[in-house]
Amino acid sequence: MKVISVVGARPQLIKLAPIAAAFASTDHEHQIVHTGQHYDADLSDVFFSGLGIPTPDVHLGIGSGSHGVQTGKALAALDPVFMAEKPDWVLVYGDTNSTLAGALAAVKLHLPVAHLEAGLRSFNRAMPEEHNRILTDHAADLLLAPTNEAMRHLAAEGLAARSTLVGDVMVDVCLRIRDSVLSGDHPAPVLPAGIQPDEPYLLATLHRAENTDSPERLAMLVDALADLPVPVALLAHPRLAAKAEEHGVRLSRGAIHVGRPLPYAGMVAAVLGSTGVVTDSGGLQKEAYLLSRPCTTLRPETEWIETLADGWNQLVPDPSAYPRSEWASTATRPAPTGAPGTPYGDGHAARRVVEKLTEK
Ligand code: UD1
C-alpha cells in the first residue's frame, strides 16, 4: 500500500509524527508532501527534527497568501504529484487550507482520501477552519474520528457509513513526549525573558483569525492578558506578531512577556511548568487537558468539548465582559481536583489509522 500524507501547517506536523512512526514499522510506503503553508523554522523545521519525522518527499513551497491563493496554489501543485505517484490513499489532517487542498485535489483525480481528525465541529461559520473541515469530511472516503462526539457529528451529516473511531493521535505524541520530558531527555524550554521557570506563570498563545484580524478585539484580548496578576508567557505565532504590528497593538506590557513559538517538547515542558494555559488553539486546549493543567479558552466555543468536563477548560469569549477580579480569578484558578478523563483514547490511535487504511 502506498499512502501520501499531505501536511502544511504546524498542528499537522505534530499529528504526522505518530503516523509516520506507525508506518515506519510496516512494509507500507508512506510519502510526505509538505505544502509549505508554514515555512518559518519555528513553525515547521523544528517539528521534523524534534519529533523525528522523515524529511518530506515533496515540498510545494506555496507559502502565505489569502485563502483562495493559498488553497489554489496547493491544489495546482498537488495534481502532478498525485498523478505521478498514484497512491492507494491520500491522508489529510485537521482543518487547514492545506487539508482542503489535499482532499479536493485527490477526489478530483479519483484517489481515495482519508481524513484524520474527522467530525470536529465548532458550528461557527465565521471560522475558516469550520469550512475546511466540513468540506473535507464530505469529500473524503474514510473519516477517521478522534472522539465519540466527532462520530455523532458525522452521523448527523449522513456520513456514518464512512466513519470510524480511531482515537486522537495527539494523545500518542503528547504522552510520549511528556514521558521523555519528565525523564530529562530534553533541554529546558526557552521561555520568554522575564519568566522565572520556578515561579508560577501562565502559558498563553493567540493566533486565530477571529481573535487577531480585528484591531479592537486583538487589543481587548492583549489588555486582558496584560492585566493578569501572574506573569504570562505569551508565545507569539507569526500571525499574532504580524497583526499586532499592523494594528499598532503593543504585546509586551503589564504581565505579558513575549517569546517565540516553541518546539513540541519545549511546549510540553512549558505547559508542565505552568500553573495554567490561556489560549485560542485547539491543540493547546487538549495538551493542557492531557497534562492536567487548567485551560482558559478565548473563544465562544470549542471543538474539544470533552475538555470542558469538571472545569478543566473554561470558555471565556470576552474577558472584558467580566469584572476585572473575576477574569483574574478565572484565568488563575487552580486545577480541578481529580484526574481528567480519557475521552481521546489510549495513545495507540496512529496504529489504528494504519490498520483501517490497510483494511479498506
Ligand atoms: C493556520 C491554520 C489554522 C491553524 C494554524 C496553526 C488555515 C486557514 N489556518 O493558521 O487553522 O490553527 O495554521 O498555526 O489554514 N506566517 C509566517 N510564517 C509562517 C506561516 C505564517 O510568518 O511560516 C504568518 C504570515 O503573516 C501569514 C500568517 O502568519 O500570512 C497566517 O498564516 P496562515 O498559514 O495563513 O494561517 P495561520 O494563522 O498560521
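Asks: Where do I start with the sheet that holds strand β5 (residues 113–116) in this structure?
Replies: In a beta sheet, neighbouring strands are held together by backbone hydrogen bonds and run either parallel or antiparallel to one another. If you walk across this open sheet you meet the seven strands as β3-β2-β1-β4-β5-β6-β7, and the pairing is parallel. Only two strands of the sheet have a single partner each, and these edge strands are β3 (58–59) and β7 (163–165). With four bridges joining them, strand β1 (residues 2–7) and strand β4 (residues 89–93) adopt parallel strand pairing. Paired with I4 across the bridge in β4 is V90. Where helix α14 (residues 349–359) meets the sheet, its contacts fall on β1, β4, β5, β6 (142–145) and β7, and the angle it forms with β6 comes to roughly 160°.

Asks: Looking at this structure, I do not really get the side chain of H237. What am I missing?
Replies: Its location among the elements puts H237 in the loop between β9 (232–235) and α10 (238–247). Once residues lying within four places of it in the same chain are set aside, the contact partners of H237 are R10, H38, L43, L206, H207 and P261.

Asks: I'm lost on the packing of helix α7 (residues 169–182) against helix α11 (residues 264–273) in this one. Help?
Replies: Axis angle and axis distance: for two packed helices, these are the angle between their axes and the distance between the axes, and together they describe the pair. Running from N to C, α7 and α11 cross one another at 75°; their axes reach a closest spacing of 9 Å. Put simply, α7 runs roughly perpendicular to α11. Here V173, C174, I177, R178, V181 and L182 of α7 lie close against α11, whose contacting residues are Y264, A265, V268, A269 and L272. Residues of the contact of α7 with α11, tallied by class, amount to ten nonpolar, no polar and one charged.

Asks: What's the story with helix α5 (residues 128–139) in this structure? I'm lost.
Replies: What sets the pattern is the α-helix's 3.6 residues per turn: residues three or four places apart point alike. Taking 1.5 Å per residue, twelve residues should reach 16 Å; α5 reaches 17 Å between its end C-alpha atoms and fits that length. For α5, the full list of buried residues reads P128, E129, E130, N132, R133, T136 and D137.

Asks: How do you make sense of the site of the ligand when you look at a structure like this?
Replies: Around the ligand lies a shell of 18 residues, among which Q37, H38, Y39, D40 and E129 are the nearest. H207 places a polar side-chain atom, nitrogen or oxygen, 2.9 Å from an oxygen atom of the ligand. At a separation of 3.1 Å, an oxygen atom of the ligand approaches a polar side-chain atom of H237. Within the complex, the protein chains bury 86% of what would otherwise be the 740 Å² of accessible surface of the ligand. Every element with two or more residues in the shell around the ligand is listed here: α3 (67–85) and α10. Residues that form the shell around the ligand fall into these classes: five nonpolar, nine polar and four charged.

Asks: Would you mind showing me how to read unusual backbone geometry here?
Replies: In most cases, non-glycine residues show a negative phi, while peptide bonds are predominantly trans. Phi is positive for S292, which is not a glycine, with a value near 60°. Relative to the helices and strands, S292 is located in the loop between α12 (282–290) and β12 (295–297). Positive phi, normally seen in glycine, also occurs at D310, with a value near 60°. Structurally, the position occupied by D310 is in the loop between β12 and β13 (313–315). Under the relative-accessibility criterion, D310 is labelled exposed at 63%.

Asks: Would you mind showing me how to read the packing of helix α1 (residues 10–24) against α7 here?
Replies: At a minimum axis distance of 8 Å, the contact between α1 and α7 shows a crossing angle of 85°. On the basis of their axis angle, the class for α1 and α7 is roughly perpendicular. In this structure, α1 uses I14, K15, A17, P18 and I19 to contact α7, whose residues at the interface are V169, M170, D172 and V173. Classifying every residue of the contact of α1 with α7 gives seven nonpolar, no polar and two charged.

Asks: Would you explain the packing of aromatic side chains in this entry?
Replies: Aromatic rings in a pair are described by how distant their centres are and how their planes are angled relative to each other. Counting across every chain of the model gives two aromatic pairs. A centroid spacing of 5.9 Å and a plane angle of 85° characterise the contact between Y289 and Y344, whose relative ring orientation is edge-to-face. Of this pair, Y289 sits in helix α12 while Y344 sits in the loop between α13 (324–331) and α14; the two residues are 55 residues apart in sequence, bridging distant segments of the chain. Comparing Y289 with Y344, the two get one shared label, buried. With centroids separated by 5.6 Å and ring planes inclined at 75°, the aromatic side chains of W304 and Y344 adopt a geometry described as edge-to-face. Here W304, found in the loop between β12 and β13, pairs with Y344, found in the loop between α13 and α14; they are 40 residues apart in sequence, far enough to count as distant.

What counts, and at which threshold
- Residues numbered from 1 in each chain as written.
- Predicted model: local features only at pLDDT ≥ 70, side-chain atom pairs only at ≥ 80, totals over all residues.
- Heavy atoms only, no water.
- Pairing = 2+ DSSP bridges.
- Helix = DSSP H or I, 4+ residues; strand = E, 2+ residues; numbered from the N terminus.
- Contact = heavy atoms within 4.5 Å.
- Axes fitted to C-alpha atoms, helices over the stretch in contact; angles between N-to-C directions.
- Parallel < 35°, antiparallel > 145°, perpendicular 65-115°, else oblique.
- Nonpolar A, V, L, I, M, F, W, Y, C, P; charged D, E, K, R; others polar.
- Expected span 1.5 Å × (residues − 1).
- Buried < 20%, exposed > 50% of the residue type's maximum accessible area, 1.4 Å probe, protein only.
- Near = heavy atom within 4 Å.
- Polar contact = N/O pair within 3.5 Å; in protein donor to acceptor, adjacent residues only side chain to side chain.
- Areas by Shrake-Rupley, 256 points an atom, 1.4 Å probe, with all protein chains shown as cover.
- Phe/Tyr/Trp six-rings, centres within 6.5 Å; stacked < 30°, edge-to-face > 60°.

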